[in-house]
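The lines below spell out each chain.
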Amino acid sequence: MGIYVFKKDVLVQLLKNKYPGSNDFGGEIIPMAAAEGQKVIAYLFNDYWEDIGTMKSFFDANLALAQTVSHLVKEQKRKEQTTSFGVNSMGSQVLY
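The structure displayed is predicted, hence computed values, not measured ones.

Enquirer: How would you explain the environment of K56 if you had to name every residue and give the values?
Expert: Note that K56 resides in helix 3 (residues 55-66). Since its relative accessible area comes to 60%, K56 is described here as exposed.

As structure tokens, this is what we get:
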């Protein structure tokens, strides 16, 4: 999960030419590009963050925001304890 910023020409090259069958940025495209020597920069964001890519997760995030801040802090700490940081969860990533 993260926010990815690419130079347009690099992104087109990666998706069309190098990894046309890949569709997972954090698990496939970025690790393979980094292994090939592409410049990859990561910023780990350790504050509250929710992926709202589905209707259920969007709904749940809105309910969570209506609750107290302490609940959000506890939930984020729980997630941090169960999340391992590696190539699949590098936070905000930039690929040059």
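Enquirer: Outline the pattern of salt bridges, supporting the account with residue identities and numerical values.
Expert: Scanning all chains against the criterion turns up 2 salt bridges. We note a salt bridge from K18 to E36, for which the minimum N-O separation is 3.0 Å. You can see K18 sitting in helix 1 (residues 8-18) and its partner E36 sitting in the loop between helix 2 (25-35) and strand 2 (40-43), a full 18 residues away along the chain. For K56, the salt bridge goes to D60, with nearest N and O atoms at 2.8 Å. On the criterion of helical spacing, the pair formed by K56 and D60 is a turn pair, its members being 4 residues apart in helix 3.

Enquirer: How would you explain helix 3 if you had to name every residue and give the values?
Expert: Here helix 3 spans 17 Å end to end across 12 residues, near enough to the 16 Å set by a 1.5 Å rise per residue. Listing the buried residues of helix 3 in full gives S57, A61 and A64. Along helix 3, the residues classed as buried sweep out an arc of 60° about the axis, all on the same side. In this structure, helix 3 carries M55, K56, F59 and A66 as exposed residues pointing more than 90 degrees from its buried face.

Cut-offs used in this document
- Residues numbered from 1 in each chain as written.
- Predicted model: local features only at pLDDT ≥ 70, side-chain atom pairs only at ≥ 80, totals over all residues.
- Heavy atoms only, no water.
- Helix = DSSP H or I, 4+ residues; strand = E, 2+ residues; numbered from the N terminus.
- Buried < 20%, exposed > 50% of the residue type's maximum accessible area, 1.4 Å probe, protein only.
- Salt bridge = Lys/Arg side-chain N within 4 Å of Asp/Glu carboxyl O.
- Expected span 1.5 Å × (residues − 1).
- Arc of directions from axis to C-beta.

Distances and angles like these do not, on their own, reveal function.
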